[in-house]
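What follows is each chain in one-letter form.
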Amino acid sequence: RVPSDHLDYSKPISDGTRFENIEYLLCQSELEKLRSDFIVFIVAHILAEFMEPLKSAIPKHIQHRYSEFMNKKSVIIGLPVVP
């Protein structure tokens, strides 16, 4: 869904043998921020189930930089599976 036609497919981005997980994992402060953001969102949705007037005040989706692309219909292409 996110455009990738601007990417260079002629060569790898990096050497896959030197991939370090630690470079891509969230640090403790990022994990805590993510958790606090989600807990507010989840609790708000639970409260809205029991309090009808809150439903219109709570967004159904968290807006993010890819929201525009995610709203578009996906094209699903099945790949052959060899058992």
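Owing to the predicted nature of the structure, the values given are computational and were not obtained by experimental measurement. (Residues numbered from 1 in each chain as written. Predicted model: local features only at pLDDT ≥ 70, side-chain atom pairs only at ≥ 80, totals over all residues. Heavy atoms only, no water.)

### A closer look at the overall build of the chain
Here is the rule we go by: Each helix corresponds to a stretch of at least 4 residues labelled H or I by DSSP, and each strand to a stretch of at least 2 residues labelled E; elements are numbered beginning at the N terminus. Computation of the radius of gyration draws on C-alpha atoms alone. For the globule rule, the value is 2.2 Å times the number of residues to the power 0.38. To sort residues, take the accessible area from a 1.4 Å probe on protein chains only and compare it with the maximum for the residue type: under 20% means buried, over 50% means exposed, and anything in between is partly exposed. Methods summary: accessible areas were calculated by the Shrake-Rupley approach with a probe of 1.4 Å, and residue burial reflects only the protein chains presented. Asp and Glu are treated as the negative residues and Lys and Arg as the positive ones, with His and the ends of the chain left uncounted. In this description, the location of a charge corresponds to atom NZ of lysine, CZ of arginine, CG of aspartate or CD of glutamate.
Of the regular secondary structure elements, the chain holds two helices and zero strands. Computed over its C-alpha atoms, the radius of gyration of the chain comes to 20 Å, more than 25% above the 12 Å expected for a compact globule of 83 residues. Across the 83 residues of the chain, 4% fall into the buried class. For the chain, the accessible area works out to roughly 8,500 Å², and carbon and sulfur atoms hold 62% of it. Counting 10 positive and 11 negative side-chain charges, the chain places the centres of these two groups 7 Å from one another.

### With respect to the environment of Glu-23
Within the secondary structure, Glu-23 sits in the segment before helix H1 (28-50). Considering only alpha carbons, one finds Glu-23 and Ala-48, 25 residues apart in sequence, at a separation of 38 Å.

### Focus on the pattern of salt bridges
One side chain can pair with another of opposite charge once the charged atoms of both are near each other. Basically, it comes down to this: Whenever a carboxyl oxygen of Asp or Glu lies within 4 Å of a side-chain nitrogen of Lys or Arg, that contact is scored as a salt bridge.
Summed over the entire model, instances satisfying the criterion amount to three salt bridges. For the salt bridge of Lys-11 with Asp-8, the shortest nitrogen-to-oxygen distance reads 2.9 Å. Lys-11 gets classed as exposed once you look at its relative accessible area, which sits at 54%.

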